[in-house]
Structure formats: structure tokens, C-alpha cells
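Each chain, letter by letter, is given below.
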Amino acid sequence: SKQVVSGSNDTSVCIWDALTGDLIKELNGHTDSVGPVAFSPDGKQVVSGSADRSVRIWDALTGDLIKELNGHTDSVG
């Protein structure tokens, strides 16, 4: 099914069913608002950037955090 991903000021990243609008998965771990989000080209991962200065890579199916990338000195977005 087609999916969309969104990031929010509430610190969450959400994956939605594009046809029904149902929430499929909520990804939690950022500690500040989330800006840019995207699926990997194969749709298996989600990447998110946040005002917490991190970029996180998530497993789109399980919602598990794969990797946290730190090094930015200001908000990512």
C-alpha cells in the first residue's frame, strides 16, 4: 500500500496509509521538533532530521531506530 511519512513539532515521526489516512506506525526518539522526513528509495527506511540536532534512520516496517547521526551544531531542517 502507498504510505506517506510526516514529522511534527511534538517530536514524533508518523507513517500513514495514503489511501485510508490511518496511522500505521509512530516513531519516537527525537527530543525536539522534527523537520525533514523521507523514505529511502526502496521504502524500507525512513530518515528524519530534528531541532535536537540529530538525523535518525528508522526501519519503516518495525519502527526500530537503526542509526542516530550526530554532529550538527544546530537544528537539522
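Below: a short report on this structure. Note that the structure is a prediction, hence the values are computed from the model and not measured.

Here the focus is the sheet that holds strand β2 (residues 13-17). The strand order β1-β2-β3 describes an open sheet built from three strands, whose pairing is antiparallel. Unpaired on one side and paired on the other, β1 (3-7) and β3 (23-27) mark the two borders of the sheet. Going across the sheet, the axis of each strand differs from the next one's by a mean of 20 degrees, ignoring polarity. Strand direction decides the pairing type here: β1 and β2, joined by five bridges, are antiparallel. Across the sheet, residue G7 finds its bridge partner in β2, namely V13.

In this section: the side chain of S50. Note that S50 resides in strand β5 (residues 45-50). Its relative accessible area of 0% is what places S50 among the buried residues. Of the polar contacts made by the side chain of S50, one reaches the backbone oxygen of S33; its length is 2.9 Å. The contacts of S50, once residues within four sequence positions are left out, are H30, D32, S33, V34, G35, S75 and V76.

The next point concerns the environment of T31. Secondary-structure assignment places T31 in the loop between β3 and β4 (34-39). Linking T31 and R53, residues 22 residues apart in sequence, is a C-alpha distance of 9.3 Å. Excluding its chain neighbours within four sequence positions, the residues that come into contact with T31 are T11 and D52.

This brings us to the sheet that holds strand β6 (residues 54-59). Pairing is antiparallel in the open sheet, where four strands are placed in the order β4-β5-β6-β7. On the outer flanks of this sheet lie β4 and β7 (65-70), each paired with one strand and no other. Averaged over neighbouring strand pairs, the angle between their axes works out to 15 degrees when direction is ignored. Relative to β6, β5 runs antiparallel, the two being bridged by five bridges. Bridge assignment links S48 to a residue of β6, and that residue is R56.

V5, V13, I15, L27, V34, V46, W58 and A60 together form the largest nonpolar core, which totals eight residues. With sequence-adjacent residues up to four places away left out, V5 is seen in contact with V13, C14, I15, V37, A38, F39 and V46.

The rules we used
Residues numbered from 1 in each chain as written. Predicted model: local features only at pLDDT ≥ 70, side-chain atom pairs only at ≥ 80, totals over all residues. Heavy atoms only, no water. Pairing = 2+ DSSP bridges. Helix = DSSP H or I, 4+ residues; strand = E, 2+ residues; numbered from the N terminus. Axes fitted to C-alpha atoms, helices over the stretch in contact; angles between N-to-C directions. Buried < 20%, exposed > 50% of the residue type's maximum accessible area, 1.4 Å probe, protein only. Polar contact = N/O pair within 3.5 Å; in protein donor to acceptor, adjacent residues only side chain to side chain. Contact = heavy atoms within 4.5 Å. Core = buried A, V, L, I, M, F, W, Y, C linked by side-chain atoms within 4.5 Å.

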